[in-house]
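# Results of the structural survey
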Amino acid sequence: MKTRAFFLAAFLALLSLATVALSSAFAYHPVAVSSRPAEPPVVFGDPGTPGVGVVLGTNGTSAEVSVPACPGCSLELVNPVVYHHTLDAGLPPGWTMFRATTWGYTTTAWVRGALSGTSTDRAYAFYGSTIVDGSYNGFYYAAAYIRTTDTTRYVGVSFIGRSGTYTFAATCEIGTWSGYGNFHISYQRFEDGALRRDTAVSYTSVTLTTGKWYVMVCAVNPATREARAYLYDPAAGTLMASLSGTFPVDVYIPPYTAGFFVYMRLGQYGYYDEFVVTRDYHPLSITVLDVPSGWTVRLYNGTSLLQSVTSTGAPVVFDRFWWPQDGQRSTILRQGRIEVYDEAGNLVASYGPTTIVGGQVFRLRCPRVLDVLNLDSKSYYGALVLHGYSAPLGLRVYLCSTSKCSTPVVVPPGPRETSEVGLPPQGVGYVLLHCYQPPAAPAEVYLYLRYSSLPGGGGVLVYYPIRVVVGR
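What counts, and where the lines are drawn
- Residues numbered from 1 in each chain as written.
- Predicted model: local features only at pLDDT ≥ 70, side-chain atom pairs only at ≥ 80, totals over all residues.
- Heavy atoms only, no water.
- pLDDT = per-residue confidence, 0-100.
- Contact = heavy atoms within 4.5 Å.
- Phe/Tyr/Trp six-rings, centres within 6.5 Å; stacked < 30°, edge-to-face > 60°.
- Lys NZ or Arg CZ within 6 Å of the ring centre and 35° of its normal.
- Disulfide = S-S within 2.5 Å.
- Helix = DSSP H or I, 4+ residues; strand = E, 2+ residues; numbered from the N terminus.
- Buried < 20%, exposed > 50% of the residue type's maximum accessible area, 1.4 Å probe, protein only.
- Polar contact = N/O pair within 3.5 Å; in protein donor to acceptor, adjacent residues only side chain to side chain.
- Pairing = 2+ DSSP bridges.
- Axes fitted to C-alpha atoms, helices over the stretch in contact; angles between N-to-C directions.
- Salt bridge = Lys/Arg side-chain N within 4 Å of Asp/Glu carboxyl O.

### So, the confidence of the model for the protein
- Averaged over the protein, the pLDDT score is 89; the fraction of residues at 70 or greater is 92%.
- Throughout residues 1-29 the model reports pLDDT below 50, and contacts reaching past four residues in sequence, or to other chains, amount to 0 contacts.

Shown next as structure tokens:
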């Protein structure tokens with residue numbers, strides 16, 4: 001018994017030494033360790049749409065959206081023109097003359113009545129109030145239908161500037177000028193009404209017909225002195241020629257208004273119809289923004305359909321409404337109307353009937369219920385996926401970037417996934433709803449935002465849940 005007790009005591013002693021030895025081998029000095037999870041590169045945000053409630057989950061990676069009623073769409077004018085007048089009855093109210101001449105009107109016009117002018121010297125008629133910002137660094141456009149009874153003299157569209165006793169006219173005109181062709185950009189500098197400088201800065205030759213109507217578009221950048229001119233044949237709907245030039249700094253005076261220039265022989269006239277002044281947007285175009293891919297936008301004047309365009313996700317541009325072959329088309333539509341239809345042919349929104357003018361910009365407003373923010377310095381690629389819904393309703397859901405909207409998720413009966421949309425670096429996309437059939441009771445729709453680091457779902461793939469309640 002004593003021998004067995006001795007061996008047991010010896011074993012316990014060795015085990016104790018081994019434990020101490022092993023403990024010493026794995027002993028370290030204390031080190032402070034902290035960890036922080038990476039911030040998600042794509043997050044949700046509240047767009048602040050009136051009547052829409054948004055509750056974001058942790059780090060903005062989930063969202064609950066409530067819409068109190070079935071949300072519809074509307075068209076909103078976001079860029080009205082600077083000035084327009086139909087010129088149906090002579091010199092319009094508020095206009096003035098420089099180097100006075102005979103200004104009247106005629107019923108023989110392209111659309112209705114037209115302004116007429118004649119002078120044996122250089123003379124002008126223009127709007128008497130300030131409509132052009134002389135310090136603006138961007139283009140103002142002035143457009144009108146013009147024709148002449150004498151192509152050996154000039155008619156055109158002018159921007160007018162004044163400083164003290166000096167008057168400066170920047171003019172885009174047609175008519176033969178010895179050595180300068182018959183289509184030119186020129187300037188005239190006057191002091192106390194007397195002509196001091198008269199020079200063409202850009203010119204070319206085109207085929208002109210006496211008594212034929214043309215569309216002249218004259219553009220000036222007040223801050224840089226740049227000028228552009230465009231001459232169109234409205235009967236054919238084509239651009240005949242364009243010019244560009246820069247006015248000399250020593251004679252230039254920034255414009256404050258616009259109007260018409262006439263220099264004719266006695267008994268000959270220049271005619272002007274449908275005067276439009278715009279800023280930044282060309283007066284021979286009408287633009288509609290934020291129209292989802294596959295939707296169709298139609299432009300009418302009265303009952304006449306002027307143009308129909310199906311959206312690709314980029315801005316919809318009408319560019320044929322100014323070609324008055326049927327008496328209904330001009331730069332000023334007196335009974336204009338814009339209609340937007342979804343991909344199923346349902347009327348979604350309309351604007352008018354009212355006066356619609358070339359150069360105007362409209363925006364389609366459908367409820368923007370959730371923002372999708374890319375906080376990263378690289379692009380991602382997103383789509384919406386339908387997971388389920390609680391009650392029948394007619395709802396289309398789109399994922400949009402600043403330049404393009406996806407095809408929709410449709411509730412019901414499908415498709416259950418949108419097309420893919422690029423989410424550019426530091427950009428803000430959004431989720432758009434269009435409800436075409438209200439639910440009988442509040443309905444819940446369950447979606448996922450799926451985004452990836454490479455197109456087509458390649459690279460890193462992430463899903464964020466979205467719950468949308470309609471009618472609560």
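### A closer look at the packing of aromatic side chains
- The full count for this structure, using the stated rule, is 32 aromatic pairs.
- Every member of this aromatic cluster is reached through a ring pair, and the members are Phe98, Tyr124, Tyr154, Trp177, Tyr180, Phe190, Tyr203, Phe261 and Tyr263.
- Arg298 extends its terminal NZ or CZ atom over the ring of Tyr341, reaching a point 4.2 Å from the ring centre.
- In this arrangement the basic side chain of Arg337 is found over the ring face of Tyr300, its NZ or CZ atom lying 4.3 Å from the centre.

### Some remarks on the state of the cysteines
- If you walk through the whole model with that rule in mind, you get 3 disulfides.
- Bridging Cys73 to Cys366, the disulfide has an S-S length of 2.0 Å. One disulfide, between Cys73 and Cys366, carries an S-S torsion of 115 degrees and so falls in the right-handed class. Here Cys366 lies in the loop between strand S26 (361-365) and strand S27 (368-374) and Cys73 lies in the loop between strand S3 (63-67) and strand S4 (74-79), a separation of 293 residues in the sequence. Across the pair, exposure class does not vary: Cys73 and Cys366 are buried alike.
- At a sulfur-sulfur separation of 2.0 Å, the disulfide partner of Cys172 is Cys218. Residues Cys172 and Cys218 share a disulfide whose torsion about the S-S bond is about 65 degrees; that sign makes it right-handed. Of this pair, Cys172 sits in strand S12 (residues 166-174) while Cys218 sits in strand S15 (residues 214-220), and the two are 46 residues apart along the sequence. Both residues of the pair, Cys172 and Cys218, count as buried.

### Remarks on the environment of Asp88
- By secondary structure assignment, the location of Asp88 is in the loop between strand S5 (83-85) and strand S6 (95-98).
- Separated by 110 residues in the primary sequence, Asp88 and Asp198 place their C-alpha atoms 31 Å from one another.
- Discounting chain neighbours no more than four positions away, the residues touching Asp88 are Tyr105, Arg112, Gly113, Ala114, Asp273 and Arg334.
- In terms of polar contacts, Asp88 uses its side chain to reach the side chain of Arg334, at 3.0 Å.

### Brief notes about the sheet that holds strand S31 (residues 421-423)
- Across the sheet, 6 strands lie side by side as S2-S3-S34-S33-S28-S31; this open sheet has mixed pairing. Edge positions in the sheet fall to strand S2 (53-56) and S31, since each has one partner strand and no second. Averaged over all pairs of adjacent strands, the angle between their axes in this sheet comes to 30 degrees, without regard to strand direction.
- As judged from the 11 bridges shared by strand S33 (residues 443-454) and strand S34 (residues 458-470), these two strands associate in the antiparallel manner. Counterpart to Glu444 in the pairing with S34 is Val469.

### Considering the pairing of strand S18 (residues 257-263)
- The buried count for S18 comes to 7 of 7 residues, which makes it a mostly enclosed element.
- Relative to S18, strand S9 (residues 123-127) runs antiparallel, the two sharing 4 bridges. Bridging from a neighbouring strand, Ala123 pairs with Val262 of S18.
- Both strand S11 (residues 154-163) and S18 contribute to a ladder of 7 bridges, which runs antiparallel. Across the sheet, residue Ser158 finds its bridge partner in S18, namely Gly259.

### Points about the pattern of salt bridges
- Scanning all chains against the criterion turns up 17 salt bridges.
- Here Arg365 makes a salt bridge to Glu76, at a shortest N to O gap of 2.8 Å. Of this pair, Arg365 sits in strand S26 while Glu76 sits in strand S4; the two residues are 289 residues apart in sequence, bridging distant segments of the chain.
- A relative accessible area of 35% places Glu76 in the partly exposed class.
- A salt bridge links Arg122 to Asp198; its shortest N-O distance comes to 2.7 Å. Of the two residues, Arg122 sits in the loop between strand S8 (114-118) and S9 while Asp198 sits in strand S14 (residues 194-204), which places them 76 residues apart along the sequence.
- According to the relative accessible area criterion, Arg122 is buried, its value standing at 14%.
- Residue Asp198 is classed as partly exposed on the basis of its relative accessible area, which comes to 22%.

### Comments concerning the sheet that holds S26
- An order of S4-S26-S20-S23 is seen for the 4 strands of this open sheet, with the pairing classed as mixed. Among the strands making up the open sheet, the edge pair consists of S4 and strand S23 (316-318). Between one strand axis and the next, the sheet turns by 25 degrees as a mean value, whatever way the strands run.
- The pairing of strand S20 (residues 286-289) with S26 spans 3 bridges and is classified as parallel. Following the sheet pairing, Val288 is matched in S26 by Phe362.

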